[in-house]
Amino acid sequence: MFQKDFFRGKRVFLTGHTGFKGSWMCELLLLCGAKVTGFALEPPTDPALFYLAGLDQRVDSITGDVRDLSALESAVETAQPEIVIHMAAQPIVRDSYANPVYTYETNVMGTVNVLEAVRRNGRVKSFLNITTDKVYKNNEWEWGYREIDELNGFDPYSNSKSCSELVTDSYKQSFFKGTKTAVSTARAGNVIGGGDFANDRIIPDCVRAAAESKTILVRNPYSTRPYQHVLEPLYAYLTIVQAQYEDQGAAGSYNIGPDDSDCVTTGELATIFCRTWGGIEWKNTCEENAVHEANFLKLDCSKAKTILKIKPRWNIQTAIEKTVEWVKHWQKRGDITECMEKQIMEYLQEDDAAK
């Protein structure tokens, strides 16, 4: 079970810290009292949550590319972390069709390089690789995929993340077995929340349209995805990190996702957003001959619920409400750090109440 005080004073090395999820992870770790070193490229969007929240001034931020083993090794050696969380990736499915080589270089060799830097350092106690729910061979099943199901993503992004899983398992068996370094992977679904400005994601598309009072254009309205607020998987990641730090027997691969009732279609998600925002609507713009993307996808998260006692706190309605709250706060030029800290504390307080 996650304990905020566990991370107080812990040295955490985080790749991909300048991205949307990485920025929320930085904020969460800082609130827990961790000493955070980040390693990543410059933020991928403008505006960028990383700068809006002033995180460049509050973490030890190293600009670097995970494809560069020498730079990674040097950064890890300087930081001397107890915990390494690997989040850096090329994360967009459609971008992976446009740039498959870069996607594989980043998502596969980037993982190799991070693991190699950890291996050569020899002092890390807890390593977590963040992959995706899309690592599984998608059979368009109506039931959730389990951690023991076949890994074989279809598109370059999904497939590269399947490879990242295999690389991690190989390093775990070949180099970390019998050592003090515990190794896990986490497979989370689609996340939403304030501060996501990426292209080809439904909530950023909704926000951009709503800000201009335009109709939201939805590309795949009938695709089912395990949407969840960004704090849900981040909380789970830190729970895994703590659990295996304290007991290597907890290490493994974990699905992280919402309850079945919150696995909704993209159209349903857009409807909830429109209702919560008020005064806007969405339109189906399904493309003919579009690149392949999974139609039905959800996870069986029984393992995480049983072993780690993790269960979702915010349903899809609450997740949308928190996202809209953040966006409207940003539009009014409010204090972004204050808003993020408020939402994190609300989430953690709900967790404390549930214990």
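Residues numbered from 1 in each chain as written. Predicted model: local features only at pLDDT ≥ 70, side-chain atom pairs only at ≥ 80, totals over all residues. Heavy atoms only, no water.

Undergrad: Would you take a moment to explain the overall build of the protein chain for this structure?
TA: Of the regular secondary structure elements, the protein chain holds twelve helices and 13 strands. Relative to its length of 355 residues, the protein chain is compact, with a C-alpha radius of gyration of 19 Å against a globular reference of 20 Å. Dimensions of the protein chain, computed from C-alpha atoms along their principal axes, come out at roughly 55 × 45 × 40 Å. Considering the protein chain as a whole, with its 355 residues, one finds that 57% of them fall into the buried category. For the protein chain, restricting intrachain contacts to residue pairs at least 6 apart in sequence, the fraction spanning at least 24 positions comes to 82%. Approximately 14,700 Å² of the protein chain is accessible, and the part contributed by carbon and sulfur atoms is 48%. Measuring between centres, the 40 positive side-chain charges of the protein chain sit 4 Å from its 48 negative side-chain charges. (Helix = DSSP H or I, 4+ residues; strand = E, 2+ residues; numbered from the N terminus. Rg over C-alpha atoms; globule rule 2.2 N^0.38 Å. Buried < 20%, exposed > 50% of the residue type's maximum accessible area, 1.4 Å probe, protein only. Contact = heavy atoms within 4.5 Å. Areas by Shrake-Rupley, 256 points an atom, 1.4 Å probe, with all protein chains shown as cover. Lys, Arg positive; Asp, Glu negative; His and termini not counted. Charge placed at Lys NZ, Arg CZ, Asp CG, Glu CD.)

Undergrad: What's the story with the pattern of salt bridges in this structure? I'm lost.
TA: Oppositely charged side chains may form a pair once their charged atoms are brought near each other. If you walk through the whole model with that rule in mind, you get 22 salt bridges. For Glu 116, the salt bridge is made with Arg 119, and the minimal N-O distance between the two is 2.6 Å. In this pair, Glu 116 and Arg 119 are both assigned in helix H5 (residues 100-121), three residues apart and thus about one turn of the helix distant. For Glu 116, a relative accessible area of 8% translates into the label buried. When salt bridges that share partners are traced, they join Glu 73, Glu 116, Arg 119 and Arg 120 into one network. (Salt bridge = Lys/Arg side-chain N within 4 Å of Asp/Glu carboxyl O.)

Undergrad: Teacher, can you tell me more about the sheet that holds strand S3 (residues 60-63) here?
TA: Taken in spatial order, the seven strands make up an open sheet running S3-S2-S1-S4-S5-S6-S11, and their pairing is parallel. The sheet is open, and its two edges are formed by S3 and strand S11 (253-256), each paired on a single side. Here the strands of the sheet are splayed against their neighbours by 20° on average, with no regard to which way each runs. Strand direction decides the pairing type here: strand S1 (residues 11-15) and strand S4 (residues 83-86), joined by four bridges, are parallel. Counted as the bridge partner of Phe 13 is Val 84 from S4. Lying over the sheet, H5 contacts S1, S4 and strand S5 (126-130), oriented at roughly 175° with respect to S4. (Pairing = 2+ DSSP bridges. Axes fitted to C-alpha atoms, helices over the stretch in contact; angles between N-to-C directions.)

Undergrad: What exactly am I supposed to notice about the nonpolar core here?
TA: Side chains of nonpolar character tend, in soluble globular proteins, to be buried together. Phe 7, Trp 24, Ile 85 and Phe 273 are the most contacted members of the largest nonpolar core, which totals 77 residues. Top element by residues in this core is helix H8 (residues 231-246). It accounts for ten residues. Those residues in contact with Ile 85 that sit more than four places away from it in its chain are Val 12, Phe 13, Leu 14, Thr 15, Met 25, Leu 128, Ile 130, Leu 238 and Val 241. (Core = buried A, V, L, I, M, F, W, Y, C linked by side-chain atoms within 4.5 Å.)

Undergrad: I tried to follow the pairing of S11 on my own but got confused; where do I start?
TA: Of the two faces of S11, the one holding Ser 253 and Asn 255 and the one holding Tyr 254 and Ile 256 are both buried throughout. Sheet topology places strand S6 (residues 182-188) next to S11; four bridges connect them, and they run parallel. Paired with Ala 186 across the strands is Tyr 254, a residue of S11.

Undergrad: Teacher, can you tell me more about the packing of H5 against helix H6 (residues 156-176) here?
TA: Working note: a packed helix pair is described by the angle between its axes plus the distance between those axes. Where H5 meets H6, the closest approach of the two axes is 9 Å, and the angle between their N-to-C directions is 20°. What the angle tells us is that H5 and H6 run roughly parallel. Relative to H6, H5 is oriented so that their crossing is right-handed. Contacts between H5 and H6 involve Pro 100, Thr 103, Tyr 104, Asn 107, Val 108, Thr 111, Val 112, Leu 115, Glu 116, Val 118 and Arg 119 from the former and Pro 156, Tyr 157, Asn 159, Ser 160, Lys 161, Cys 163, Ser 164, Val 167, Thr 168, Tyr 171, Phe 175 and Phe 176 from the latter. Considering only residue class, the contact of H5 with H6 consists of 13 nonpolar, seven polar and three charged. (Parallel < 35°, antiparallel > 145°, perpendicular 65-115°, else oblique. Left-handed = near helix turned anticlockwise from the far one by under 90°. Nonpolar A, V, L, I, M, F, W, Y, C, P; charged D, E, K, R; others polar.)

Undergrad: Looking at this structure, how should I read the environment of Arg 187?
TA: With respect to the helices and strands, Arg 187 occurs in strand S6. For Arg 187, a relative accessible area of 3% puts it in the buried group. The spacing of Arg 187 and Tyr 237 is 50 residues in sequence and 9.7 Å in space, taken between C-alpha atoms. For Arg 187, the side chain forms a polar contact with the side chain of Tyr 136, separated by 2.9 Å. Within the local environment of Arg 187, its side chain forms a polar contact with the side chain of Glu 165, the two groups lying 2.8 Å apart. (Polar contact = N/O pair within 3.5 Å; in protein donor to acceptor, adjacent residues only side chain to side chain.)

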